[in-house]
Number of protein chains: 2
Amino acid sequence: MARYPKPMARLIEELVRLPGVGPKTAQRLAFFLISQTPAEVQSLTDSMLQAKQRIIYCSQCFHLTEEDPCPICSNPKRNKNFICVVEEPRDVIAMERTKSFDGIYHVLHGSISPLEGIGPNDLKVKELVARIGPDVQEVVLATDPNVEGEATAMYLARLLKPIGVKVTRMAHGMPVGSDLEYVDEVTLSKALEGRREL
Amino acid sequence: MARYPKPMARLIEELVRLPGVGPKTAQRLAFFLISQTPAEVQSLTDSMLQAKQRIIYCSQCFHLTEEDPCPICSNPKRNKNFICVVEEPRDVIAMERTKSFDGIYHVLHGSISPLEGIGPNDLKVKELVARIGPDVQEVVLATDPNVEGEATAMYLARLLKPIGVKVTRMAHGMPVGSDLEYVDEVTLSKALEGRREL
């Protein structure tokens, strides 16, 4: 990049640090940015700074929020005795989109992954245990249906059951709208295992 | 995105405007940004604003620069009578990397594309013609080897030859390090056509 004018080279270097952005993409983004009007660039940088300044984590559920506690935790209509445990804030958004969960959340901010050196202490596990009061009726584990997510769910189930709370796991099965032929065998056998009477 | 806190939703909206960034990537970038330290975010936004403020186009060759004329145009060691015409500033960088061109550049900022409604008047064509003084010995057309680039080269050749300047085109042929078996037929026939005696 030696031949780019310095501010351009610095911009490319900064952009390369973004996830999924390599040198080619960074160049393309940099060219796009300098082709924008000053007001457009300002609008983008303002939105970055404001998001960074204003967004905090809810002290109860660790979801993203502007106020603490977050609108979900402070909503009197939500069932405070039903906690859904997810890995990431984006999972809360996905669950909320279903409009079929009226409880509250707990965001772990990751999953147990010995390969990446992430253990329970790197996640909001202690905070979850602290939330399980005598009124909590059920904790549904909605970690991702992959190796790390399953391991995390197993770990949490073993940790929470002795407290005396009902611990459940999201059902595995065939995705709605999918084609049986293309569903992988593990999912298919889980779907068979979890079959229901009609 | 209704459920994201407002600053987060706004940031995602802004990021979606970047080229090659869809809603999923924008979400991922937004989560990454708010996970960074305030200083890191500041450093990124500063680099964007500074690049936008400081980078201008050279009034002679239309390459990106901090000073006008650009370091290439103002370098007394460069041959001012040999002009290489390219489509984009990044093409100048690619040519400079070869270290085998000692002339100066002219950046068209695009190529002729009737499908996209881009004609010669949308490019720096007039400015190129104005640069062809009596001293200019050769103009090498280094537009991209695709339909638009070829059309642009043909158009420029027809425009510049009557002025009395030598107009050349970059050679087509087999990329160095490639495998003959995998070279497409058009390139192969061009390579055959342009064969040289050893």
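About the cut-offs
Residues numbered from 1 in each chain as written. Chains lettered and ligands numbered in written order. Predicted model: local features only at pLDDT ≥ 70, side-chain atom pairs only at ≥ 80, totals over all residues. Heavy atoms only, no water. Patch = residues over 30% accessible without salt bridge, like charges linked within 9 Å, V, L, I, M, F, W, Y side chains within 5 Å. Areas by Shrake-Rupley, 256 points an atom, 1.4 Å probe, with all protein chains shown as cover. Salt bridge = Lys/Arg side-chain N within 4 Å of Asp/Glu carboxyl O. Lys, Arg positive; Asp, Glu negative; His and termini not counted. Charge placed at Lys NZ, Arg CZ, Asp CG, Glu CD. Helix = DSSP H or I, 4+ residues; strand = E, 2+ residues; numbered from the N terminus. Buried < 20%, exposed > 50% of the residue type's maximum accessible area, 1.4 Å probe, protein only. Axes fitted to C-alpha atoms, helices over the stretch in contact; angles between N-to-C directions. Left-handed = near helix turned anticlockwise from the far one by under 90°. Contact = heavy atoms within 4.5 Å. Nonpolar A, V, L, I, M, F, W, Y, C, P; charged D, E, K, R; others polar. Core = buried A, V, L, I, M, F, W, Y, C linked by side-chain atoms within 4.5 Å. Domains from an automatic or database assignment.

Focus: a positive patch on the surface
There is a patch of like positive charges on the surface, built from Lys24(A), Arg28(A), Arg90(B) and Arg97(B). For the positive patch, the elements supplying multiple residues, two or more each, are α2 (23-35) of chain A together with α4 (89-98) of chain B. For Lys24(A), a relative accessible area of 67% translates into the label exposed.

Topic: the packing of helix α3 (residues 38-54) of chain A against helix α1 (residues 6-16) of chain B
The contact between α3(A) and α1(B) brings their axes to 9 Å, and the two run at 145°. Like other packed secondary-structure pairs, α3(A) and α1(B) cross with a definite hand, here left-handed. Residue-level contacts link Glu40(A), Ser43(A), Leu44(A), Asp46(A), Ser47(A), Met48(A), Gln50(A), Ala51(A) and Arg54(A) of α3(A) to Pro7(B), Arg10(B), Leu11(B), Glu14(B) and Leu15(B) of α1(B). Tallied by class, the residues present in the contact of α3(A) with α1(B) amount to 6 nonpolar, 3 polar and 5 charged.

A word on the nonpolar core
Proteins that are soluble and globular tend to have nonpolar side chains buried together. Residues Met8(A), Leu15(A), Met48(A), Met8(B), Leu15(B) and Met48(B) are the most contacted members of the largest nonpolar core, which totals 44 residues. When residues of this core are traced back to their parent elements, those giving at least two are α1 (6-16), α2 and α3 of chain A together with α1, α2 (23-35) and α3 (38-54) of chain B. Not counting residues within four places of it along the chain, the set of residues in contact with Met48(A) comprises Leu11(B), Leu15(B), Leu33(B), Val41(B), Leu44(B), Thr45(B) and Met48(B).

Examining the domain arrangement of chain A
Looking at chain A, the domain boundaries give domain 1 (6-54) and domain 2 (79-179 + 185-191). Just the C-alpha atoms count here: the centres of domain 1 of chain A and domain 2 of chain A sit 35 Å apart.

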